[in-house]
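A look at the structure
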Amino acid sequence: MTTAQPQELDVQPTPLALLLLGREADPTSERGVDCPGDLPSPSDPDLVARARAAKEKLGDKVFVLGHHYQRDEVIQFADVTGDSFKLARDAAARPEAEYIVFCGVHFMAESADILTSDDQKVVLPDLAAGCSMADMATAEQVAECWDVLTEAGIAEQVVPVSYMNSSADIKAFTGRHGGTICTSSNAKRALDWAFEQGEKVLFLPDQHLGRNTAVRDMGMSLEDCVVYNPHRPNGGLTAEELRGAKMILWRGHCSVHGRFSLDSVDDVRARIPGVNVLVHPECKHEVVAAADYVGSTEYIIKALEAAPAGSKWAIGTELNLVRRLANRFAAEDKEIVFLDKTVCFCSTMNRIDLPHLVWALESLAEGTLVNRIEVDKETEAFAKLALERMLALP
C-alpha cells in the first residue's frame with residue numbers, strides 16, 4: 001500500500017500581489033481589515049522633534065497634507081486636513097510648494113499628482129499605503145467589463161462614474177469613455193449628470209455608495225441595480241440582466257465601512273437611548289437605511305460641529321477620526337462613540353506612521369527625493385478630463 005504524495009502547484013505570485021499582500025499573506029484575504037486595537041506609540045521619543053526640525057528646514061518648499069483618517073501623531077504635522085479630493089485641490093492651490101507630502105493612501109497621492117503642476121513632486125511616505133477598495137478594480141478587469149457590456153449591446157448607453165477612491169488608471173478609463181468622477185458628497189449630482197448623457201451607469205469601484213445614492217437619494221429600486229463581479233465570467237450576469245439594469249455596480253467596497261452591520265445599529269440604540277446614528281454612505285445599504293443621518297466625512301464633521309450640547313452620536317466611519325471628534329467635542333458635553341464594538345482602524349491608511357513621515361521629510365531636507373508618485377502623461381490627461389467633468393457639475 002502506498003501513500004499518495006501531495007502535488008506541489010507551480011504558482012508564482014505576481015510582483016503586485018507581493019507588494020499588496022506580503023510574501024506570507026493569504027491571497028484570498030482583503031487588505032485593510034486588520035483591527036490592531038490601540039495603535040502603538042512611536043518607538044523613538046525623538047521622532048516628533050525630528051519631524052518638526054525637518055519640516056522647518058524645508059519651509060515653504062514642502063506642503064504636508066493629512067487625510068482625516070490619519071493617526072494623531074502624523075496629522076499634527078499636516079498643513080491642511082480633509083478628505084482626498086479637498087486635499088488634492090489644496091495641493092494644486094499651492095504652486096510654490098516643490099514637495100507635496102501626502103499623508104494618505106496611494107490613489108490620493110495619484111490624484112494630487114494629476115492636479116498639481118509638473119514642477120511639483122508628490123511624495124507618499126510609505127508606498128505600501130494603499131486602499132482595499134481601489135485595489136478591487138484593475139484596469140484589465142474594467143476593460144474586460146466594457147467588452148462584456150459591448151457584447152450585450154449596451155456599451156453605447158452606459159456612462160461610467162468612478163468614485164474618487166479609485167486608481168489613476170480607472171479615472172483615465174472613465175475619462176476615455178465619457179464619464180465623470182464623484183465624491184461621497186456629490187455622487188447624486190454626478191449620477192444626475194450621467195443619466196442625462198446615457199441610459200445606464202457603470203459605477204466604480206464602490207457598490208455601496210452607488211447603490212445608496214441611486215436608491216436613497218434618487219428614488220430608484222434595488223431591482224434597478226445589478227452587481228458586476230470581476231471574478232466571475234461575464235461579471236456573473238446575463239445579457240438580459242445587464243440590459244434591464246439602470247445601475248451596474250462594481251463589486252467593490254470599503255473594508256472598514258463594510259464592517260458596520262444592522263446589528264451594530266440595533267446594539268448602539270439599545271445601549272445609548274436617544275443616540276443619533278450617523279454613517280458614511282460607503283456603509284451597506286441596510287446600515288444606511290437604519291441610520292438617522294448619512295453623509296461624507298466632511299458632512300460628519302460639520303454635523304457634529306452643529307450638534308447641540310448634550311447630544312449623543314454613534315458614528316460609522318474610520319476610528320481615528322471618530323476618536324479625534326470625540327476628544328474635540330467632549331468639552332461641549334457631546335457624547336460621540338464608534339458605531340461598532342470592534343476597534344478597527346484602516347490598517348493601510350495607518351501605514352503612514354511617524355517613522356515613515358520623519359524619513360520622508362528628512363530625506364527631502366537633505367535633497368533626496370523619495371517615494372515619488374508620478375502618473376504617466378497619457379493616463380494623467382484622461383484622468384484629468386474625468387476630474388474636470390466633475391468640477392464642471394452644476
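Before any of the text, the structure's been laid out above.
Summarised in this report is the structure supplied together with it. (Residues numbered from 1 in each chain as written. Predicted model: local features only at pLDDT ≥ 70, side-chain atom pairs only at ≥ 80, totals over all residues. Heavy atoms only, no water.)

Topic: the pairing of strand E7 (residues 200-204)
Buried residues dominate E7, accounting for five of its five residues. With burial as the criterion, each face of E7 is covered, one bearing Lys200, Leu202 and Leu204 and the other bearing Val201 and Phe203. The pairing of strand E5 (residues 158-163) with E7 spans five bridges and is classified as parallel. Looking across to E7, one finds that proline 160 is bridged to leucine 202. (Buried < 20%, exposed > 50% of the residue type's maximum accessible area, 1.4 Å probe, protein only. Helix = DSSP H or I, 4+ residues; strand = E, 2+ residues; numbered from the N terminus. Pairing = 2+ DSSP bridges.)

Structural notes on the nonpolar core
Core analysis: the largest hydrophobic core is formed by 107 residues, its most contacted members being Val101, Phe203, Met247, Val279 and Ile336. By residue number, the principal contributor to this core is helix H15 (residues 354-365), which donates seven residues. The contacts of methionine 247, once residues within four sequence positions are left out, are Leu191, Phe195, Val201, Phe203, Gly210, Ala214, Met220, Asp224, Cys225 and Val226. (Core = buried A, V, L, I, M, F, W, Y, C linked by side-chain atoms within 4.5 Å. Contact = heavy atoms within 4.5 Å.)

Focus: the sheet that holds E5
One open sheet accounts for five strands, arranged E6-E5-E7-E9-E8; its pairing is parallel. Among the strands making up the open sheet, the edge pair consists of strand E6 (180-182) and strand E8 (225-228). Averaged over all pairs of adjacent strands, the angle between strand axes in this sheet comes to 25°, irrespective of strand direction. The pairing of E7 with strand E9 (residues 247-250) spans three bridges and is classified as parallel. By the bridge assignment, phenylalanine 203 is partnered in E9 with leucine 249. (Axes fitted to C-alpha atoms, helices over the stretch in contact; angles between N-to-C directions.)

Re the pairing of strand E13 (residues 335-338)
Only one face of E13 is covered, namely the one carrying Ile336 and Phe338; the face carrying Glu335 and Val337 has none of its residues buried. Direction of pairing for strand E12 (residues 312-316) relative to E13: parallel, over a ladder of four bridges. From the neighbouring strand, isoleucine 315 faces E13, where its bridge partner is phenylalanine 338. Running through helix H14 (residues 319-329), the crossover from E12 to the neighbouring parallel element E13 is right-handed. (Right-handed = clockwise from strand over helix to strand, strands pointing away.)

Brief notes about the pattern of salt bridges
Under the defined criterion, the tally for this structure stands at 17 salt bridges. In this structure, arginine 94 engages glutamate 96 in a salt bridge whose closest nitrogen and oxygen atoms are separated by 2.6 Å. Relative accessible area serves as the criterion here: at 27%, arginine 94 is assigned to the partly exposed category. Take glutamate 96: its relative accessible area is 48%, and that puts it in the partly exposed class. Linking aspartate 118 and lysine 377 is a salt bridge whose minimum nitrogen-to-oxygen distance equals 2.8 Å. With aspartate 118 in the loop between helix H5 (106-115) and strand E4 (121-123) and lysine 377 in helix H16 (residues 377-391), the pair connects residues that are 259 residues apart, well separated along the chain. Across the pair, lysine 377 and aspartate 118 agree in class, each one exposed. (Salt bridge = Lys/Arg side-chain N within 4 Å of Asp/Glu carboxyl O.)

Here's the deal with the packing of aromatic side chains
Applying the stated rule across the entire model yields four aromatic pairs. Between the aromatic rings of tyrosine 228 and tryptophan 250, the centroid separation amounts to 5.3 Å while the plane-to-plane angle is 25°, which identifies the pairing as stacked. Remark: tryptophan 250 occurs in strand E9 and tyrosine 228 occurs in strand E8; sequence separation between them is 22 residues. With 5.6 Å between their ring centres and 40° between their planes, tyrosine 293 and tryptophan 313 make a pair best called tilted. You can see tyrosine 293 sitting in strand E11 (residues 293-294) and its partner tryptophan 313 sitting in strand E12, a full 20 residues away along the chain. With a relative accessible area of 6%, tryptophan 313 lands in the buried category. (Phe/Tyr/Trp six-rings, centres within 6.5 Å; stacked < 30°, edge-to-face > 60°.)

Here we look at the environment of alanine 152
Here alanine 152 is to be found in the loop between helix H6 (139-151) and E5. On the basis of relative accessible area, alanine 152 is assigned to the buried category, the value being 6%. Each C-alpha atom of the pair alanine 152 and arginine 243 lies 7.3 Å from the other, and the pair is 91 residues apart in sequence. If we skip the residues at most four places from it in the chain, alanine 152 touches Ala239, Leu242 and Arg243.

Side note on the sheet that holds strand E1 (residues 62-67)
Sheet architecture is open: five strands sit in the order E2-E1-E3-E4-E14, paired in mixed fashion. At either end of the open sheet lies a strand with only one pairing partner, and these are strand E2 (80-82) and strand E14 (372-373). Bridge count between strand E3 (residues 99-103) and E4: three bridges; the pairing is parallel. The residue of E4 that forms the bridge with tyrosine 99 is lysine 121.

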